[in-house]
Amino acid sequence: MNTATNMQNQSTALSISPRLAKNVRRNIKERVIELILMLAALSAVFTTFAIVAILLYESLGFFKVVSLVEFFTSTEWTPLFEDAHYGIMPLVSGTLTTSAVALAVAVPVGTIGAIYLSEFASHKTREIVKPMLELLVGVPTIAFGYFALLFVTPLLQKVFPELPGFNMLSAGIVMGVMIVPYIASVAEDAMRAVPMSMREGSYAMGATRFQTAIRVVTPAAVSGIVAAYILAISRAVGETMVVAVAAGQQPTLTFNPMDGAATITAYIVQVAMGDLPHGSIGYQSIFAAGLVLFALTLGFNIIGHIVRKKFREQY
Amino acid sequence: MINATTALKAESRDLNFFYSNGNQALKSVSMPLYENKITALIGPSGCGKSTFLRCFNRMHDLYPGNKYEGQIVMHPDNTNILEAGVDPIEVRMRISMVFQKPNPFPKSIFENVAYGLRVRGEKNKRTVADKVEEALKGAALWNEVKDRQQDLAFNLSGGQQQRLCIARALATDPEIMLFDEPTSALDPIATANIEELMSELKSKLTILVVTHNMQQAARVSDYTAYMYLGEMMEYGDTDTIFTRPTRKETEDYITGKFG
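Residues numbered from 1 in each chain as written. Chains lettered and ligands numbered in written order. Predicted model: local features only at pLDDT ≥ 70, side-chain atom pairs only at ≥ 80, totals over all residues. Heavy atoms only, no water.

## Points about the overall build of chain A
No. 1: Counting secondary structure elements, chain A contains 13 helices and 0 strands.
No. 2: Shown N-terminal to C-terminal, the secondary structure of chain A runs as helices and strands in the order α-α-α-α-α-α-α-α-α-α-α-α-α.
No. 3: On C-alpha atoms alone, chain A measures out to a radius of gyration of 28 Å, which is more than a quarter above the 20 Å that the 2.2 N^0.38 rule sets for 315 residues.
No. 4: In terms of its C-alpha atoms, chain A occupies a principal-axis envelope of roughly 100 × 65 × 35 Å.
No. 5: Taking the contacts inside chain A whose residues are at least 6 apart along the sequence as the reference set, 72% of them involve residues at least 24 apart.
No. 6: Here chain A has roughly 17,500 Å² of accessible surface; of this, 69% comes from carbon and sulfur atoms.
No. 7: Positive and negative charge centroids in chain A, built from 20 and 18 side chains respectively, lie 20 Å apart. (Helix = DSSP H or I, 4+ residues; strand = E, 2+ residues; numbered from the N terminus. Rg over C-alpha atoms; globule rule 2.2 N^0.38 Å. Contact = heavy atoms within 4.5 Å. Areas by Shrake-Rupley, 256 points an atom, 1.4 Å probe, with all protein chains shown as cover. Lys, Arg positive; Asp, Glu negative; His and termini not counted. Charge placed at Lys NZ, Arg CZ, Asp CG, Glu CD.)

What follows is the structure, given as structure tokens:
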């Protein structure tokens with residue numbers, strides 16, 4: 001008891017030495033830096049929320065006129081015609097079909113490319129091929145669009161003579177080629193991040209390079225590879241120019257890639273280029289379409305996130 | 001000295017090794033490897049003992065520009081496994097390796113052990129399952145994992161993972177097993193387990209082990225080689241090396257005067 005009070009007295013009696021006192025100026029500086037960093041980080045979050053808010057606000061006006069039932073069940077999308085129909089499904093089918101064609105091209109080619117670059121190519125080859133592949137990303141998408149319309153479609157028409165000039169097949173294939181570098185680059189980074197010790201373990205068991213790449217490296221990098229696929233899906237769903245130019249702009253409810261059809265993005269760009277009175281139903285329809293696009297991308301991202309968590313990096 | 005009745009399993013003859021940057025990591029290293037014995041390689045960091053070990057399963061082939069000179073002769077084939085006409089994959093099928101840090105694959109416990117068999121194209125489920133069980137038993141891991149063979153290997157403790165890697169290496173019935181500092185990432189109990197395991201394994205195969213831990217070399221090995229700066233300084237049976245080394249350098253290293 002006595003000693004306890006003694007110690008208390010001692011601690012209250014002590015004054016803080018100036019050399020150990022809090023440095024006010026440094027503390028303020030730290031706070032300011034923290035605030036700046038936080039603002040920079042929040043700007044992206046804020047922008048996202050602002051976009052969602054505007055989409056929701058403008059769509060609200062749209063859904064006052066058009067019922068949700070009509071929106072999701074009508075098989076026609078003709079908001080600018082006399083006889084207006086507001087069924088989003090033709091645009092969704094166009095978006096999903098072109099994206100599916102694109103992914104059917106990009107996922108195998110991109111993944112195989114990543115495996116080659118990461119596991120087979122010599123250092124020198126990789127240093128040459130990878131930047132070239134990434135150069136593809138820099139090509140304006142409008143160029144890809146006309147490449148699809150003026151080069152790939154005629155080529156495809158030699159194989160399928162009945163193929164119309166505007167079709168989702170050609171747009172999807174070219175979009176797939178466009179996405180290959182995304183998949184190859186991100187997936188290759190993931191594979192190269194797999195520790196060498198794991199590869200050595202496989203080789204030491206008498207495995208070949210191919211067996212090591214397929215049975216050990218790819219499963220170990222699966223989380224990063226899935227991330228690459230998600231990025232690719234988002235790119236395909238959101239891609240505008242290629243589909244607007246090459247797939248036609250006629251909203252058609254079809255999942256046949258041999259048909260022409262409009263995607264959500266193609267519709268938005270088409271309407272936005274015309275002059276529609278602000279606040280009209282046609283104007284508001286692009287926000288409703290945009291909201292669906294947003295929901296679609298968000299949905300794929302969430303699925304992807306779940307898949308990634310399931311196969312998180314395991315080394 | 002060396003028991004004349006023990007058979008030679010492999011032997012390096014005047015082995016030189018050069019890394020791709022031109023560094024000579026091994027200088028005319030000659031050493032026998034006796035069948036069903038444990039040979040330990042000791043020496044300070046950077047002396048070339050791991051480099052030497054990795055010559056035996058041609059691990060250096062994975063990195064371009066590395067060069068071997070001299071011979072590692074494997075018996076009973078009486079073949080120099082460094083020869084250009086020798087397939088490193090065939091060598092690795094017969095000489096397996098356990099690494100410094102446990103490196104299980106991102107697969108289930110079962111599939112980790114089955115890996116070598118799968119790579120060899122073994123399709124028979126019964127054979128694979130039997131071999132896996134046998135290997136897990138051989139690596140003293142069976143009792144701990146027999147009810148959860150489908151669990152991910154990463155869920156095992158460090159010591160268990162290392163025994164899993166031993167089981168993986170055992171499953172294909174190798175003739176020689178290389179251990180590259182197999183216990184340096186493990187706690188003392190796990191280390192004791194691995195050492196005990198090595199002593200049991202030598203009835204089935206020949207072991208070459210690199211170790212930083214001299215007590216470990218003294219405890220487990222039958223023969224010890226002391227390497228320094230890429231050269232084989234002294235080789236002999238372990239008792240002799242640790243009690244009456246012929247060279248001053250060996251004695252200095254063993255007694256902790258340097259290294």
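## A look at the interface of chain B and chain A
No. 1: Between chain B and chain A, the contact holds 27 residues from the first and 20 residues from the second.
No. 2: Considering only the side of chain B, the residues that lose the most area to chain A are Pro106, Tyr115 and Val119 of chain B, jointly responsible for 27% of the buried surface there.
No. 3: Here chain B and chain A share 1 salt bridge between them.
No. 4: In this structure, the salt-bridge partner of Arg54 of chain B is Glu200 of chain A, at a minimum N-O distance of 2.6 Å.
No. 5: Across the contact surface, chain B and chain A share 7 residue pairs in polar contact (both at pLDDT 80 or more).
No. 6: Mapped onto the side of chain B that touches chain A, the elements with two or more residues apiece are α2 (88-94), β6 (95-98), α3 (109-119) and α6 (158-170) of chain B. (Buried area = accessible area lost by both parts, 1.4 Å probe. Salt bridge = Lys/Arg side-chain N within 4 Å of Asp/Glu carboxyl O. Polar contact = N/O pair within 3.5 Å; in protein donor to acceptor, adjacent residues only side chain to side chain.)

## Let's talk about the pattern of salt bridges
No. 1: Counted under the stated rule, the structure contains 21 salt bridges over all chains.
No. 2: The salt bridge involving Arg94 of chain B is made with Glu175 of chain B; its shortest N-O contact spans 2.6 Å. Here Glu175 of chain B lies in the loop between α6 and β7 (176-180) and Arg94 of chain B lies in helix α2, a separation of 81 residues in the sequence.
No. 3: Of the residues examined, Arg94 of chain B reaches a relative accessible area of 26% and is grouped as partly exposed.
No. 4: Lys202 of chain B is paired through a salt bridge with Asp222 of chain B; the nearest N and O atoms lie 3.0 Å apart. With Lys202 of chain B in the loop between α7 (188-201) and β8 (206-210) and Asp222 of chain B in the loop between α8 (214-220) and β9 (223-228), the pair connects residues that are 20 residues apart, well separated along the chain.
No. 5: For Asp222 of chain B, a relative accessible area of 22% puts it in the partly exposed group.
No. 6: Taken together, the shared-partner salt bridges connect Lys130, Glu188, Asp189 and Arg192 of chain A into one network. (Buried < 20%, exposed > 50% of the residue type's maximum accessible area, 1.4 Å probe, protein only.)

## What about the sheet that holds strand β4 (residues 67-74) of chain B?
No. 1: Spatially, β2-β1-β4-β5 (chain B) is the arrangement adopted by the 4 strands of the open sheet, whose pairing is antiparallel. Across the chains shown, the open sheet's two edge strands, defined by having one partner strand only, are β2 (24-34) and β5 (79-80) of chain B. (Pairing = 2+ DSSP bridges.)

## Topic: the domain arrangement of chain A
Residue and element names in this part refer to chain A.
No. 1: The domain architecture assigned to chain A consists of domain 1 (2-65) and domain 2 (72-314).
No. 2: A separation of 40 Å is found between the C-alpha centroids of domain 1 and domain 2.
No. 3: Every contact between the two is made by 10 residues of domain 1 and, on the other side, 12 residues of domain 2.
No. 4: With both sides pooled, the region where domain 1 packs onto domain 2 buries about 990 Å², and carbon together with sulfur makes up 83% of that total.
No. 5: On the surface where domain 1 and domain 2 come into contact, there are 1 residue pair in polar contact (both at pLDDT 80 or more). (Domains from an automatic or database assignment.)

## As for the side chain of Asn80 of chain B
Residue and element names in this part refer to chain B.
No. 1: Summarising the element assignment, Asn80 is placed in strand β5.
No. 2: A polar side-chain atom of Asn80 sits 3.0 Å from the main-chain amide nitrogen of Ile72.
No. 3: In this view, Asn80 contacts Gly70, Gln71, Ile72, Val73 and Val86; residues no more than four positions away in its chain are not counted.

## Some words on the pairing of strand β3 (residues 38-42) of chain B
Residues and elements named next belong to chain B.
No. 1: Burial analysis of β3 places 5 of its 5 residues in the buried class, which makes it a mostly covered element.
No. 2: On β3, burial covers both faces: Ile38, Ala40 and Ile42 on one face and Thr39 and Leu41 on the other are all buried.
No. 3: Where β3 and β8 come together, 4 bridges link them in parallel fashion. Note that in β8 the partner of Leu41 across the bridge is Val210.
No. 4: Bridging between β3 and β9 involves 4 bridges; their strand directions are parallel.

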